Structure formats: C-alpha cells, structure tokens
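# Structural overview for review
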Amino acid sequence: MKMLLLAFSLCAVLAAGCARQETAAPPSSPPEMTLLIGLTPEHNIFKQIRRYEPLADYLSEKTGVRVTLKVLTYRGNVIDNFQSLKLDGAFFGSFGYVLAHAKQGVVALARPEYPDGSSSYHGVLFVRKDGGIRTVRQMKGKRLALVARATTAGYLFPMIFLKRAGVVNPETFFREVYYAGAHEGTIDDVLDRKADVGVSKNTVYDRFAAENPRIGRELLILGESDEAPENALALRKEIEDSVKGKLVDALIAMHADPEGVKVLKAFGARRFIATTDTDYAPVMTYARELGIDLANFRFPAEE
Amino acid sequence: MKKKILIGLGILSLLFMLIGAYVIVTVDRATSRLDHLVKLHQVEILREHLLLQIKRVQSDLAWSGTRYASGVDTIVSHGLQMGKGIDRCFLCHHSPQVTEGLVDLKRQTESYEDFLSHVLTLEANRVRREAEKDEAIRRGQDLIAKVNGIIALTSRNLESNTRAVFRQIAITKTMLFLLIAVGPVILMTLGVLFTRALTRPVNTLLTATRRLKGGALDHRVEGLKDEFGELATSFNEMAGSLKEQMQKMQRTEQMVVVGELAAGLGHEVKNPLAGIKAAVNLLSEELTLNREDQDLFSRIVEQVGRLEALMKGFLNFAKPPKPQWERVSVNEVLETTIDFYLVSHRPSSQAFGGIDIQKSMGDGLPRTMADPMQLQQVFLNLFLNAGDAMSNGGTLAVKTLYDAPADSIRIEIRDTGPGIDPEIMGRMFSPFLTTKPKGTGLGLAICRQMIERHGGSVGAENDPAGGALFRIVLPVKRGEEEVKATW
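Notes on the structure in this doc start here. Everything quoted here is computed from the prediction, not taken from an experiment.

Calculation rules
- Residues numbered from 1 in each chain as written.
- Chains lettered and ligands numbered in written order.
- Predicted model: local features only at pLDDT ≥ 70, side-chain atom pairs only at ≥ 80, totals over all residues.
- Heavy atoms only, no water.
- 1 Å grid on protein atoms, 1.4 Å probe; cavity = no way out; pocket = protein on both sides within 12 Å on 5 of 7 lines; lining within 4 Å.
- Points joined across faces, edges and corners; volume = space filled by probe spheres on them.
- Helix = DSSP H or I, 4+ residues; strand = E, 2+ residues; numbered from the N terminus.
- Nonpolar A, V, L, I, M, F, W, Y, C, P; charged D, E, K, R; others polar.
- Salt bridge = Lys/Arg side-chain N within 4 Å of Asp/Glu carboxyl O.
- Buried < 20%, exposed > 50% of the residue type's maximum accessible area, 1.4 Å probe, protein only.
- Phe/Tyr/Trp six-rings, centres within 6.5 Å; stacked < 30°, edge-to-face > 60°.
- Axes fitted to C-alpha atoms, helices over the stretch in contact; angles between N-to-C directions.
- Parallel < 35°, antiparallel > 145°, perpendicular 65-115°, else oblique.
- Left-handed = near helix turned anticlockwise from the far one by under 90°.
- Contact = heavy atoms within 4.5 Å.
- Buried area = accessible area lost by both parts, 1.4 Å probe.
- Expected span 1.5 Å × (residues − 1).
- Arc of directions from axis to C-beta.
- Pairing = 2+ DSSP bridges.
- Core = buried A, V, L, I, M, F, W, Y, C linked by side-chain atoms within 4.5 Å.

## A few points about the layout of surface pockets
All names here are of chain B. Roughly 1500 Å³ of internal volume is contained in the largest pocket. For the largest pocket, the lining is made up of 45 residues, of which Asn381, Asn385, Lys436, Gly439 and Gly443 are closest to its centre. Elements with a contribution of two residues or more to the lining of the largest pocket: helix H6 (291-318), helix H9 (372-389), helix H10 (443-453) and strand E7 (468-475). Of the residues in the lining of the largest pocket, the class split is 23 nonpolar, 15 polar and seven charged.

## As for the pattern of salt bridges
All names here are of chain A. What the rule picks out here adds up to 40 salt bridges over all chains. With a shortest N-O distance of 3.1 Å, aspartate 279 and arginine 111 are connected by a salt bridge. You can see aspartate 279 sitting in the loop between strand E11 (271-274) and helix H11 (281-290) and its partner arginine 111 sitting in strand E4 (residues 107-113), a full 168 residues away along the chain. Residue classification places aspartate 279 among the partly exposed positions, given a relative accessible area of 27%. Put simply, glutamate 289 and arginine 164 hold a salt bridge, and the shortest N to O gap is 2.8 Å. Of this pair, glutamate 289 sits in helix H11 while arginine 164 is found in helix H4 (residues 152-164), placing the two residues 125 residues apart along the sequence. Look at glutamate 289 and you get partly exposed, because its relative accessible area is 29%. Beyond isolated ion pairs, a larger network of salt bridges with shared partners links Arg128, Asp130, Asp192, Arg193, Arg214 and Glu218.

## Thoughts on the packing of aromatic side chains
The description of an aromatic ring pair rests on the distance of the ring centres and on the angle between the ring planes. Residues and elements named next belong to chain A. With the rule as written, the count across this model stands at 13 aromatic pairs over all chains. Ring geometry for tyrosine 52 and phenylalanine 91: centres 4.7 Å apart, planes at 55°, overall tilted. Linking tyrosine 52 in helix H2 (residues 45-63) with phenylalanine 91 in strand E3 (residues 89-92), this pair joins segments that are 39 residues apart in sequence. Classification of tyrosine 52 as buried rests on a relative accessible area of 2%.

## Brief notes about the packing of helix H3 (residues 96-121) of chain B against helix H4 (residues 126-213) of chain B
Residue and element names in this part refer to chain B. Where H3 contacts H4, the axes come no closer than 9 Å and their chain directions differ by 155°. Considering the angle they form, H3 stands roughly antiparallel to H4. Note on packing geometry: the crossing formed by H3 with H4 is left-handed. Residues Asp104, Leu105, Gln108, Thr109, Ser111, Tyr112, Phe115, Leu116, His118 and Val119 of H3 touch H4, and the partners they reach there are Glu132, Lys133, Glu135, Ala136, Arg139, Gly140, Asp142, Leu143, Lys146, Val147 and Ile150. Taken together, the residues that form the contact of H3 with H4 break down as nine nonpolar, five polar and seven charged.

## Remarks on the interface of chain B and chain A
Contacts between the two partners involve 25 residues from chain B and, on the opposite side, 27 residues from chain A. Taking both sides of the interface into account, the surface hidden between chain B and chain A amounts to around 2300 Å²; carbon and sulfur atoms contribute 46%. It is Thr121(B), Glu123(B) and Arg128(B) that lose the most area in chain B upon contact with chain A, and together they represent 31% of the buried surface on that side. On the surface where chain B and chain A come into contact, there are five salt bridges.

## Remarks on helix H7 (residues 330-344) of chain B
Residue and element names in this part refer to chain B. For H7, which comprises 15 residues, the first-to-last C-alpha distance of 21 Å matches the rise-based estimate of 21 Å (1.5 Å per residue) to within 8%. All of the buried residues along H7 are Val330, Asn331, Val333, Leu334, Thr337, Ile338 and Tyr341. Down the axis of H7, the smallest arc covering the buried residues is 155°, so these residues share one side.

## Re helix H6 (residues 183-191) of chain A
With eight of nine residues buried, H6(A) lies mostly within the body of the structure. Immediately downstream of H6(A), the backbone of Arg193(A) shows phi near 65°, a positive value.

## Here we look at the sheet that holds strand E2 (residues 66-71) of chain A
Residue and element names in this part refer to chain A. Spatial strand order, E2-E1-E3-E10-E4-E11: six strands in an open sheet with mixed pairing. With partners counted over all chains shown, the strands left at the sheet margins are E2 and E11, one partner each. Each adjacent strand pair in this sheet contributes to an overall mean axis angle of 25°, direction not counted. Most of the contacts of H2 go to E2, to which it runs at about 170°, and overall it touches strand E1 (34-39), E2, E3 and E11. Contacting E3, E4 and strand E10 (232-235), helix H3 (residues 94-104) crosses the sheet at an angle of about 145° to E3.

## Comments concerning the environment of Val476(B)
Residue and element names in this part refer to chain B. Examined against the element boundaries, valine 476 turns out to sit in the loop between E7 and helix H11 (480-486). Taking relative accessible area as the criterion, valine 476 reaches 3% and is therefore assigned buried. In the structure, valine 476 is positioned 106 residues away from alanine 370 in sequence and 9.2 Å away in space, judged by C-alpha atoms.

## A word on the nonpolar core
General note: in soluble globular proteins, nonpolar side chains tend to be found buried as a group. Membership of the largest hydrophobic core comes to 55 residues, with the highest contact counts inside it found for Leu55(A) and Phe272(A). Once you skip the residues sitting within four places of it in the chain, Leu55(A) turns out to touch Phe91(A), Leu251(A), Met254(A), Val263(A), Phe267(A) and Phe272(A). Among the nonpolar cores identified, the runner-up in size contains 48 residues, and Phe314(B), Ile420(B), Cys447(B) and Ala468(B) belong to it.

## Section: the pairing of E4(A)
Residue and element names in this part refer to chain A. Most of E4 is tucked away, with six of its seven residues classed as buried. Taken together, the three bridges between E4 and E10 define a ladder with antiparallel strand orientation. Following the sheet pairing, valine 107 is matched in E10 by leucine 235. Two elements, E4 and E11, share four bridges in a ladder whose sense is antiparallel. Within E11, the position partnered with proline 112 by the bridge is phenylalanine 272.

## Thoughts on the sheet that holds strand E7 (residues 176-179) of chain A
Sheet strands associate in pairs through backbone hydrogen bonding, adopting either a parallel or an antiparallel arrangement. All names here are of chain A. With mixed pairing, five strands are arranged side by side in an open sheet as E7-E6-E8-E5-E9. The open sheet is flanked by E7 and strand E9 (219-229), the only strands paired with a single partner. Between one strand and the next, the sheet's axes are offset by a mean angle of 15°, whatever the strand orientation. With two bridges joining them, strand E6 (residues 143-146) and strand E8 (residues 197-201) adopt parallel strand pairing.

These figures capture arrangement, not role.
Structural data, given as structure tokens:
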C-alpha cells in the first residue's frame with residue numbers, strides 16, 4: 001500500500017512538472033522591425049514589384065529588418081505625402097530623390113551598378129521615324145508623352161530640351177502634354193501612335209528595344225540628357241543609423257554572397273554601390289536651370 | 001509424377017502471380033486515373049480561380065477613377081495574384097500544345113497588366129484616361145473570354161474524361177468481381193484435377209494389391225505412367241514372381257506327395273512285381289506251354305516290365321539323382337544326343353518319309369558346369385517327343401546361341417508336327433500329363449526338373465510357322481563355386 005501511495009505521489013509530481021513545462025511562455029523576442037519601401041515605376045508596376053520582391057526578401061533575411069514594398073504611381077504629390085503614406089524609404093529616381101531630399105530629408109544609401117559597369121542613366125527624347133518630326137519646331141501642335149513630374153528623364157530633361165530650343169510653355173506649344181506614369185508607357189504610346197513625342201530613361205528604352213525590334217525600326221531619338229544616378233534606395237532621415245548601416249552593408253556586399261549574386265542576376269544588376277548627394281549634381285543643375293525651387297516644388301492637382 | 005507435381009505447383013503459383021499482378025496493376029491504374037481526375041478537377045478549380053481573379057481586376061479597373069475605386073495597393077495586389085494564378089497553370093500542364101496555349105494566355109495577361117498599369121499610372125486629360133481605361137477593359141474582356149473558352153473546352157474534356165475514368169473503373173470493378181468469383185473455381189478445379197491425377201494411380205495400385213491378396217495372381221496393373229508406371233511394373237513383376245513361387249511351392253508339395261507315394265510304391269509294388277516277374281519267367285521255362293500260353297506269359301512279362309519302367313520313372317521324378325557337375329560343351333552334348341537319336345530311334349520314323357535334322361550350332365558358346373547325362377536325357381526326351389509328333393516325317397531343327405548380355409546359353413528345338421494343343425499348353429510340364437497311349441506323363445516333368453536343377457528354364461510354344469518350339473535357357477556357370485552358390 002505504501003509503495004502504491006509513493007508511486008501515485010511520484011506520478012503527481014511528474015505530471016505537475018510536465019504541466020508547468022507545457023504552460024511555460026516561450027522566450028520573448030524583440031518585435032520585428034519593418035520598413036515600408038516605395039517603388040517608383042520605371043516599368044509596368046507589376047513587373048516593377050516582381051523585380052524588387054527578391055531583393056526585399058534578401059535584405060529581410062540578411063538584415064533582420066522586414067522589408068515590404070509599396071508601389072507608387074507618381075499620381076498626385078507622392079513626395080509631399082511621403083509621411084501620410086507611412087513610407088520609410090523608396091527606390092527613387094534621381095529627380096524624385098532630389099525633391100524628397102529637399103522636402104522630406106531622405107538620405108540616399110545605394111544604387112545598382114549594371115553588368116556593363118554603368119550606374120547612371122540619361123534621358124532620351126524620341127519620335128516616330130514616319131511622324132515627320134526631326135526638330136522641336138516640327139513638334140508644335142503635337143502630343144507629348146512625359147513620364148512624371150518627379151523624374152529626371154521623364155520631366156526635367158525634356159523641359160530643359162524644349163527650353164533650350166525656345167519653347168517656353170510646352171502646355172501651349174503642344175496640342176497635348178500628359179504623363180504616362182512609367183517610362184515604358186511613353187515608349188508604348190509613341191510606338192502605338194497615341195503620342196507623337198516621348199521621353200524615357202535610356203536604360204528602359206534600350207531594354208525595350210532589345211525585346212521589341214519595332215522600337216529600332218520605328219522610333220528615332222532626337223535628344224539625350226546628361227547622366228543621372230540610377231534609382232537609389234533612400235530612407236527617411238529619422239531611421240536609425242544602425243538600420244541604414246545594415247541595409248547599406250547588405251546591399252554593398254551582395255555581389256560577394258552566392259545567394260546575393262543570384263538575386264542581383266534576377267534584378268539585372270552586377271552589384272550595389274554607395275550613393276551620396278554629390279552624385280545628383282547634374283540633376284540639381286537641371287533643376288536650377290529650370291528655376292525649380294525644390295523645397296516648394298508643387299505637383300498640380302489632378303484634372 | 002514429380003515433374004507433374006512441380007509443373008502443377010508452378011501453374012498454380014503462376015496463376016496466383018498473374019491474378020495478384022492483375023489486381024495490383026488494375027488497382028494502381030484505377031488509383032492513377034482517379035488521381036489524374038482529381039488533378040484535372042484541381043486544374044479546373046485553378047482555372048475558375050484565375051477567371052475570378054481576372055474578373056476582380058476587371059472590376060477594380062471598371063471602378064477606378066470613381067469614388068468607389070479600390071486603392072492602388074489593392075489593385076496591384078489583385079493584379080499580382082492574377083499573375084500568380086496564370087503561373088500556377090504552368091505547374092500542371094506539360095504537353096507542348098497546352099504549354100503553347102498557356103504561354104499565349106500569359107502573354108495576353110501580361111499585355112492586360114501593361115494596360116492596367118498604364119491606366120493606374122497615367123496622368124492625362126479625361127479623354128485619354130477614358131480611352132486607356134476602355135482599352136484596358138476591352139483587353140480584360142478578351143482575356144476573360146479566352147479563359148472562359150478554355151474553361152468551356154476543358155470542362156467538356158473533363159466531363160468526357162470523368163465519364164471515361166468511371167467507365168474504366170466500372171470495368172475494372174467487374175473484372176475484379178469476376179476474378180474473385182472465377183479465381184477460386186479455377187483453383188479448385190485445378191486442385192481436383194491434380195488430386196485425381198495423384199489418387200487415381202494410388203487407387204489402381206490399391207485395388208490390384210487387394211486382388212492379389214484375394215488370389216488373383218494373374219491380375220496386372222496397366223495404363224499407369226511415370227513413377228506410378230514404374231511402380232506398376234514392379235508390382236506386376238512381383239505378382240509374376242509370386243505366381244512362380246506359388247507354382248514352385250505347389251510343385252514342391254506335389255513332389256513331397258509323389259516322393260512319399262514313390263517310397264511306398266517302391267516297397268509295396270516294386271518287390272511284388274519282381275516276384276511276379278521271376279515267377280512268370282520260371283513257370284514259362286518249366287512248364288510245357290502251347291504257343292498261345294507262351295504268348296500270354298510273354299505279355300505278362302511285358303506288362304510287368306512296363307510297370308517296372310513306370311516305377312523307375314516315378315522314382316526318378318520323385319527322387320531325382322544329384323547332377324554330376326563338369327564343364328561341358330552344350331553343342332557337343334547336343335551332337336552326341338543327335339547321333340544317339342539317329343542311331344537308336346530315327347528308324348522308326350523313316351518308314352513314313354524320314355525326319356530331316358537341321359543343326360544351327362552357335363559359335364563361341366562358352367563351356368558351362370552341367371551334368372552331361374542329364375542334359376542328354378532332356379535333349380533326347382525332346383527329340384523323341386518331336387519324332388513322335390512327326391509320325392509322317394518332317395524336320396527337326398536344333399539351334400544354339402550364346403546370349404552375352406544375359407550370360408546364358410539358349411537351345412531351341414523345333415519340329416514341324418501339328419503343334420501343341422492350346423488346352424494343355426499351360427500344363428505341358430506337369431507330371432502325369434501325356435497324349436501318348438503308352439506314355440507315363442513324366443518325361444517333360446523330369447526335363448523341366450533337371451533344367452531347373454541346372455538353374456535354367458524350359459518353355460514350349462507353338463511356332464507361328466507350324467510345329468512346336470521348345471526353348472531351354474541355361475545360365476553359364478564357369479566353376480564349382482558358381483554351382484555351389486546357385487544349387
């Protein structure tokens with residue numbers, strides 16, 4: 001009987017021990033930090049997000065900071081609404097960064113370097129070969145497809161190009177001026193005769209030309225801008241330096257990591273290189289030439 | 001039989017294997033078909049899902065620019081899901097034709113995405129925006145129509161596939177039921193056949209054994225094959241041997257009886273006969289008898305002589321003399337006997353046309369241990385019988401040969417007489433059987449007795465060409481040891 005009681009007691013103690021073990025709370029881990037990064041559309045926005053998703057996943061894995069993406073459409077004052085969109089940063093085009101830096105104080109960290117060694121782009125202004133346009137004068141009364149106001153190739157460069165040719169007010173010089181919202185869009189529109197004059201980044205134009213032989217056959221480049229830095233990752237100034245450092249380190253070291261090399265290859269780049277504000281000097285020059293007050297640059301309301 | 005059993009077991013095993021393999025294959029095939037069908041239905045669901053995703057994006061597009069429009073993030077999310085939906089299709093389809101169609105569908109979807117993206121990012125006047133939106137919606141409708149077409153086509157295919165699969169499964173089910181029903185019947189039939197194949201010979205042998213036990217020594221087992229055939233042969237040999245032994249035993253018993261009778265007769269008949277014969281001789285010498293009485297006395301003496309000869313033969317048969325063994329040439333013994341026969345007995349037949357003697361003595365006959373006097377007696381007896389059978393003349397053929405494999409000497413004595421009456425053929429060598437008016441019926445019985453005492457055998461049969469044929473087989477014995485061992 002004593003033995004039975006002893007065994008019962010032992011079982012009860014063990015069961016209590018087990019129960020305590022089961023109900024014990026798991027070790028607490030610090031809340032995961034999330035960065036919401038905006039993507040300004042160079043391509044079709046779906047392609048754009050598919051292109052950047054592997055990069056975001058890689059950065060999340062390497063830095064421990066969860067990187068999520070949000071597509072920006074340029075429509076409206078994205079730069080001014082940077083705070084309300086709860087963005088922590090974005091892959092900005094060069095003029096977009098200059099504006100965001102001036103208005104929101106974002107800091108550029110790194111930008112891609114392409115397999116050909118370039119890490120910059122320039123704007124191209126093109127027309128259809130059969131459209132009869134070879135000079136700015138011949139553009140009068142035609143339709144102009146720009147990309148977006150916050151772009152260098154898609155806005156600053158054509159404005160400079162036209163200004164240097166004597167066109168003071170493009171809105172009246174052209175029959176229609178509109179913003180396609182993506183570099184691909186302007187190329188498609190001119191190709192499909194929806195616009196007569198278009199502008200784009202040469203990187204997008206060249207990639208498109210490689211995919212679609214019609215571009216080489218049917219389009220003609222009439223002007224090119226100076227080089228501007230490729231889309232770079234910029235973060236809000238309030239983001240901790242340690243986080244910025246982690247991201248920069250991960251990006252800069254990607255090409256030395258086999259997994260990073262795969263992501264870079266899918267992204268279409270050779271590596272990421274550090275970017276500073278001085279890289280944006282040509283853009284600043286354009287802005288100054290156009291008399292743009294960066295801090296007070298206004299985006300017209302939608303029609 | 002062993003081979004048959006192995007073949008039978010092999011057939012049964014093969015049958016089991018075939019049935020098992022069929023069951024496994026059909027179940028596996030049915031499972032594969034069902035699995036394929038489930039996959040097809042899953043693909044159908046995927047297509048329906050894709051259609052819903054496209055319609056959702058279309059809805060987003062239609063409401064864009066209005067106060068009920070979804071946010072860009074939502075539309076982008078829906079667009080991305082639509083893209084993933086089409087990508088999932090590539091995981092299932094592999095045939096080049098279908099893949100080509102899917103590539104076309106993906107291209108169309110990407111084009112739709114381009115227009116959608118354009119609408120979402122475009123900043124232009126209302127006319128352009130509406131035109132772009134209309135174009136995008138048109139593309140979306142085309143895409144929906146295409147997916148609907150695919151769904152309609154695949155639905156029809158799926159329906160026919162489903163019907164075909166269920167039909168196949170029904171056939172498989174019927175086949176399995178048939179196998180379950182017929183399989184055991186086949187196996188039982190085979191089992192019964194094999195059992196019968198085993199038990200029938202056993203029953204035959206059992207019946208034969210019982211008949212043998214009941215005294216039917218002439219019963220033989222026929223029609224069995226393989227190991228049972230060998231067993232039947234052994235059984236038949238055993239039955240023959242048993243019959244022979246029984247006959248020997250009977251003869252031995254007869255001999256015992258005859259011996260006892262002969263011994264009695266020796267004392268009780270022979271001595272009085274000698275007295276009668278002496279008395280008659282004395283009377284015939286002392287009495288003056290007329291010619292008729294002299295003839296009567298002579299006939300008494302003659303009959304007494306016959307009785308003495310009968311008694312002598314009877315005693316010889318009952319208590320045969322022990323053979324005097326020596327190495328003899330059978331051919332020489334035969335030659336001597338023929339000479340003696342020609343000198344002493346042949347004239348009696350010559351009056352009726354004569355008897356021609358044909359000899360065919362075999363070369364290389366080995367000498368054998370035998371009693372030459374007894375052999376002469378046997379041969380002479382057979383010659384005399386042949387001579388009696390050919391009262392009108394004929395041919396007496398004598399042939400010898402050496403049977404090397406059996407190591408025995410064969411002697412054949414053939415006449416051209418009327419042959420042996422089939423009624424007495426089986427009893428030819430029994431004592432007291434005679435067809436002659438003055439025969440004792442002991443000659444052939446003594447012949448067989450002598451030959452058997454030499455370890456040989458003697459038989460008689462009718463020659464198909466006519467006449468009787470006697471065959472004597474003598475085993476060759478090369479020394480005293482062999483004689484002692486067998487005698």
